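# Working through the structure, step by step
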Amino acid sequence: MRVRLIGFVVATLALGGCSTLDGTARETRQQEALQAQLFALAAPDQDVAMARLRPEDGCYWYRHAGRVETTELPLRTPGGQQICAPSET
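Residues numbered from 1 in each chain as written. Predicted model: local features only at pLDDT ≥ 70, side-chain atom pairs only at ≥ 80, totals over all residues. Heavy atoms only, no water.

## Structural notes on the nonpolar core
We apply this condition: Nonpolar cores are built from buried Ala, Val, Leu, Ile, Met, Phe, Trp, Tyr and Cys residues. Side-chain atoms within 4.5 Å join them into one set. Under the scheme applied here, a residue whose accessible area is under 20% of the maximum for its type counts as buried, over 50% as exposed, and between as partly exposed, the area being computed with a 1.4 Å probe on protein chains only. Residue contacts are counted whenever heavy atoms from the two residues lie within 4.5 Å of one another.
Within the largest apolar cluster, seven residues are counted, these being L38, A42, V48, Y60, Y62, L75 and I83. Excluding anything up to four places from it in sequence, Y60 contacts L34, L38, R52, L53, P74, L75, I83, C84 and A85.

Rendered as structure tokens:
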């Protein structure tokens, strides 16, 4: 009985580890696809890899490391428009 319980615990932990890896891999693929889309939309000289969605305004911002300070700036298209996520309404 004890061997059976240990086998069950080991199997549960092993399967749990696999599901975490699959979830992480899926999130990584989604993030890479999103970065590719943002890269296609964004004007040059913006760090798309550091872009993040701000929940306050629903738009993408990135960190710009200047010579004096690092600031968050809105991610913009070549035409100057801010890149935002589609609204859910």
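There is more to say, and it comes next.
## Observations regarding the state of the cysteines
The cut-off we apply is this: Here, the term disulfide refers to a pair of cysteine sulfur atoms separated by no more than 2.5 Å. Strands here mean DSSP runs of E at least two residues long; helices mean DSSP runs of H or I at least four residues long; both are numbered from the N terminus.
Taken as a whole and assessed by the stated rule, the structure comprises one disulfide. There is a disulfide in this structure between C59 and C84, and the S-S distance comes to 1.8 Å. Measuring handedness by torsion sign, the sulfur bridge of C59 and C84 sits at about 75 degrees and is right-handed. Of the two residues, C59 sits in the loop between β1 (52-53) and β2 (60-65) while C84 sits in the segment after β3 (70-74), which places them 25 residues apart along the sequence. On the basis of relative accessible area, C84 is assigned to the partly exposed category, the value being 37%.

## A word on unusual backbone geometry
Negative phi is the rule for most residues except glycine; trans is the rule for most peptide bonds. The phi dihedral of D45 is positive, around 65 degrees, even though this residue is not glycine. Structurally, the position occupied by D45 is in the loop between α1 (2-41) and β1. For D45, a relative accessible area of 76% gives the class exposed.

## A word on the pairing of β2
Note the threshold: Criterion used throughout: strands pair if DSSP finds at least two bridges between them.
Pairing between β1 and β2: two bridges, direction antiparallel. Note on β2: the bridge partner recorded for L53 is Y60. Connecting β1 to the antiparallel partner β2 that follows it, the hairpin turn spans six residues, and G58 within it adopts a positive phi of roughly 75 degrees. Of the pairings in the sheet, the one linking β2 to β3 comprises five bridges and is antiparallel in character. Each residue of the ladder has a partner; that of W61, found in β3, is P74. A loop of four residues connects β2 with β3, the two strands running antiparallel in sequence.

## Let's talk about the pattern of salt bridges
As a reminder, the rule being used: A pair is scored as a salt bridge if a Lys or Arg side-chain nitrogen falls within 4 Å of a carboxyl oxygen belonging to Asp or Glu.
Applying the stated rule across the entire model yields three salt bridges. Note that R52 is salt-bridged to E72, the shortest N-O span being 3.2 Å. Of this pair, R52 sits in strand β1 while E72 is found in strand β3, placing the two residues 20 residues apart along the sequence. Judged by its relative accessible area of 22%, E72 is partly exposed. Between E72 and R54 there is a salt bridge; the shortest N-O distance is 2.8 Å. With a gap of 18 residues between them, E72 in strand β3 and R54 in the loop between β1 and β2 connect regions that are remote in the sequence. Where salt bridges share partners, they join R52, R54, R63 and E72 into one cluster.

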